[in-house]
Amino acid sequence: MTHVRFIGTDGTIREVVAAPGARLLEVAQADGQPLEGTCEGQMACSTCHVIVAADDFDKLPAPTEDEEDMLDLAAGATRTSRLACQIVLRADLDGLTVRIPGEVRNMQGR
Ligand code: FES
């Protein structure tokens, strides 16, 4: 099993357990995180945008050009942003930490 830590829009940290092979978007939605995932993984929206902890970012396979193009359009995207629909959990990603972008970040002026 793979542990995933979500940092919610209000800063609340939640840890969930997911099966390897699960997509991060589905795991986040199952936990009630506010990721719309409007296009259901077709890389035609950026509503599944998450910010990956820097340490974990390097463990992920590199994003495709299509994913990078969508991330360019995502509000508040950072250097370690990814589309959650493109992240497939693996055992070696245990402890993966991602932040859900949201209003709080804007209010804090970061
Ligand atoms: Fe639309 Fe991920 S769900 S890009």
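The coordinates are above.
Keep in mind that what you see is a predicted model, and the values were worked out from it rather than measured.

Next up on the list: the environment of Pro101. Turning to its location among the elements, Pro101 is positioned in the loop between β5 (96-99) and α4 (103-107). For Pro101, a relative accessible area of 18% gives the class buried. Beyond its immediate stretch of four places on either side in the chain, Pro101 contacts Thr9, His49, Val50 and Ile51.

Moving on, we come to the nonpolar core. One finds Phe6, Leu24, Val50 and Val52 to be the most contacted residues of the largest nonpolar core, which totals 25 residues. Of all the secondary-structure elements, those providing two or more residues to this core are β1 (2-7), β2 (13-18), α1 (24-30), β3 (49-52), α3 (65-73) and β5. The greatest single-element share of this core, amounting to four residues, is contributed by α1. Setting aside residues up to four positions removed in sequence, Leu24 forms contacts with Val4, Phe6, Val50, Ala84, Ile87, Leu89, Leu96 and Val98.

Evaluated as defined, the whole model comprises six salt bridges. With a closest N to O distance of 3.1 Å, Glu15 and Arg5 form a salt bridge. Note that Glu15 is positioned in strand β2 and Arg5 in strand β1, a separation of 10 residues in sequence. Taking the relative accessible area as the measure of exposure, Glu15 reaches 47% and is therefore partly exposed.

With mixed pairing, five strands are arranged side by side in an open sheet as β2-β1-β5-β3-β4. Two strands lie at the open edges of the sheet, namely β2 and β4 (81-83), each paired on one side alone. Within the sheet, the average angular offset between the axes of one strand and its neighbour, ignoring direction, is 35°. Here β1 pairs with β2 via six bridges, running antiparallel.

Quick look at a negative patch on the surface now. Together, Glu65, Asp66, Glu68, Asp69 and Asp72 make up a negatively charged patch on the protein surface. Of note, Asp72 is situated in helix α3. The class of Asp72 is exposed, set by a relative accessible area of 65%.

Okay, the environment of Ala18 next. Within the secondary structure, Ala18 sits in strand β2. Looking at Ala18, the relative accessible area reads 5%, which means it is buried. Along the primary structure Ala18 and Thr2 are separated by 16 residues, whereas in three dimensions their C-alpha atoms are 5.2 Å apart. Apart from residues lying up to four places away in sequence, Ala18 is in contact with Met1, Thr2, Val27 and Leu89.

What counts, and at which threshold
For every chain, the first residue of the written sequence is number 1, and numbering continues from 1 along that sequence. It should be noted that, the model being predicted, local features are given only for residues of pLDDT at least 70 and side-chain atom pairs only at 80 or more, the latter also being counted only at that level, while totals for whole chains, interfaces and linings use all residues. Hydrogens are left out, water is left out, and the side-chain values use all remaining heavy atoms of the structure. Going along the chain from the N terminus, every DSSP run of H or I of four or more residues is numbered as a helix, and every run of E of two or more is numbered as a strand. Burial classes follow relative accessibility: with a 1.4 Å probe on protein chains only, a residue under 20% of its type's maximum area counts as buried, one over 50% as exposed, and anything between as partly exposed. When checking whether two residues touch, look at their non-hydrogen atoms; a contact exists if any pair is within 4.5 Å. Note on terminology: a nonpolar core comprises buried Ala, Val, Leu, Ile, Met, Phe, Trp, Tyr and Cys residues joined through side-chain atoms within 4.5 Å. Think of a salt bridge as a Lys or Arg side-chain nitrogen and an Asp or Glu carboxyl oxygen that are within 4 Å of each other. In this scheme, strands are said to pair when DSSP sees at least two bridges between them. Angular values range over 0 to 180 degrees, each being the angle between N-to-C directions of two axes fitted as lines to C-alpha atoms, with helices fitted over their stretch in contact. Each patch is built from residues lacking any salt bridge and having more than 30% relative accessible area; the joining distance is 9 Å for like charges and 5 Å for nonpolar side chains (Val, Leu, Ile, Met, Phe, Trp, Tyr). Note on areas: these come from Shrake-Rupley sampling with a 1.4 Å probe, and a residue is covered only by the protein chains present in the view. Charge assignment in this entry is limited to Lys and Arg as positive and Asp and Glu as negative, and neither His nor the chain termini are counted. Lysine's charge is taken at NZ, arginine's at CZ, aspartate's at CG and glutamate's at CD.

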